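# Remarks on the overall topology
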Amino acid sequence: MSDLVKQSAHDHEGHNHSISADADRRYLWLALITLGAFMIAEVVVSFVTGSLALLSDAGHMLSDVGAIALALWTIRLVARPPKGALTWGLKRVEIISAAVNGITLLVVAGIIAVEAIRRLFEPPEVDGGPVLIVAAVGVAVNIVVAWLVARANRSSLNVEGAYQHILTDLYSFIGTMIAALIIMFTGWVMADVIASLLVCGLMVYAAWNLLRDAGRVLLEAAPKGIDLEEITEHILELPHVQRVHDLHVWSVSTDLPALSAHVVVDDECFEDGHIPQLLDQVQDCVAGHFDVEHSTFQFEPLKHGAHEYHTHP
């Protein structure tokens, strides 16, 4: 037997690494149709009343519609099997979708903020009555839509991105309702502008969270809650294991963590055929303690370290 033995674990049996079936397309389609119909009505009323807050809600709702449409398309792409050079299939599209949603939130927030600042110096006339009615309906619509999207698999960053769009839109309508009430009872039209700026802040906060989580996956950082030192300690507790190096843990998508490592073991493991049993033990260790089902291990004898000049701790 050669001094270097490589063993890989790519056991997919019983595990589905695509977006969960709970991310039901029916819920997302219902949410898309509901939002699209209301968005058209809101744009009409915003131009009639002159409300920036209402127009900002409509602009944000347009991004909501796009986010849900993108989520539906992404679910379809992610379900495609690996083919050719795409050895992971299109699973990473889920993360790209989340990043696009985050960037869209920032762009919409920036456009609304610029217009809001302009109106600080040139406050327009705003009819509070129609704004209040549309905003109240908007709150109801977004509660329904948020419930529909929440029924899908929010552990997927793709679906979570769409959900964050809708949630900030709900907050936006609540702010618009408050602004409309203030305008109706006090005549202070600046409440409309302030409500728009508060909504911008919520959009930026949601965008930051999405981009941060998507960035971790795109930069192949270790998934949240996984400590590499703890993994090393667990593997070192196994019999015959002397050292662990070149340990890498990353996420292909939100539901597919992966791990690879070099494991230095006693020389006799290569002589008595013990490697397959040791592979099972290492696999069971990382799967049972850290929920990493997709792992690849390279087993090495003690003397092999002298030949590796570019190893990592």
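Scroll up to find the structure.
Residues numbered from 1 in each chain as written. Predicted model: local features only at pLDDT ≥ 70, side-chain atom pairs only at ≥ 80, totals over all residues. Heavy atoms only, no water.

Taken together, the side chains of Tyr 171, Ile 174, Ile 178, Ile 182, Trp 188, Ile 194, Leu 198 and Leu 202 present a nonpolar region at the surface, about 710 Å² in accessible area. Listing elements by their share of the nonpolar patch, those giving two or more residues are helix H5 (157-186) and helix H6 (190-218). Counting residues per element, the nonpolar patch draws most heavily on H5, at four residues. The topology assignment puts Ile 194 in helix H6. Looking at Ile 194, the relative accessible area reads 36%, which means it is partly exposed. (Patch = residues over 30% accessible without salt bridge, like charges linked within 9 Å, V, L, I, M, F, W, Y side chains within 5 Å. Areas by Shrake-Rupley, 256 points an atom, 1.4 Å probe, with all protein chains shown as cover. Salt bridge = Lys/Arg side-chain N within 4 Å of Asp/Glu carboxyl O. Helix = DSSP H or I, 4+ residues; strand = E, 2+ residues; numbered from the N terminus. Buried < 20%, exposed > 50% of the residue type's maximum accessible area, 1.4 Å probe, protein only.)

Mapped onto the fold, Val 292 is located in the loop between helix H8 (275-290) and strand S4 (294-301). The class for Val 292 is buried, based on a relative accessible area of 1%. Val 292 has contacts with Ile 226, Pro 257, Ala 258, Leu 259, Val 286 and Ala 287, leaving out every residue within four places of it along the chain. (Contact = heavy atoms within 4.5 Å.)

A rise of 1.5 Å per residue sets the reference length of H5, with its 30 residues, at 44 Å; its end C-alpha atoms lie 43 Å apart and thus fit the reference within 8%. Most of H5 is tucked away: 21 of the 30 residues are buried. Among the residues trailing H5, Gly 187 stands out with phi positive, at a value near 80°. (Expected span 1.5 Å × (residues − 1).)

Before going further, it helps to examine the pairing of strand S3 (residues 256-265). Among the 10 residues that make up S3, 10 are buried, leaving the element largely enclosed by the rest of the structure. Of the two faces of S3, the one carrying Leu 256, Ala 258, Ser 260, His 262 and Val 264 and the one carrying Pro 257, Leu 259, Ala 261, Val 263 and Val 265 are both buried. Both strand S2 (residues 241-253) and S3 contribute to a ladder of nine bridges, which runs antiparallel. By the bridge assignment for S3, Ser 251 is matched with Pro 257. A loop of two residues connects S2 with S3, the two strands running antiparallel in sequence. In the classification by handedness, the crossover that spans S3, the intervening H8 and the parallel S4 is right-handed. (Pairing = 2+ DSSP bridges. Right-handed = clockwise from strand over helix to strand, strands pointing away.)

With that settled, the discussion passes to the packing of helix H3 (residues 93-121) against H5. Put simply, H3 and H5 touch, their axes get as near as 7 Å, and they point 20° apart. Judged on the interaxial angle alone, H5 and H3 are roughly parallel. Seen along the crossing, H3 lies across H5 with a hand that is left-handed. Between H3, through Glu 94, Ile 95, Ser 97, Ala 98, Asn 101, Thr 104 and Leu 105, and H5, the contact on the second element is made entirely by Leu 157, Asn 158, Gly 161, Ala 162, His 165 and Thr 168. Looking at side-chain class alone, the contact of H3 with H5 contains five nonpolar, seven polar and one charged residues. (Axes fitted to C-alpha atoms, helices over the stretch in contact; angles between N-to-C directions. Parallel < 35°, antiparallel > 145°, perpendicular 65-115°, else oblique. Left-handed = near helix turned anticlockwise from the far one by under 90°. Nonpolar A, V, L, I, M, F, W, Y, C, P; charged D, E, K, R; others polar.)

Note that every value here comes from positions in space, so none of it alone points to a role or purpose.
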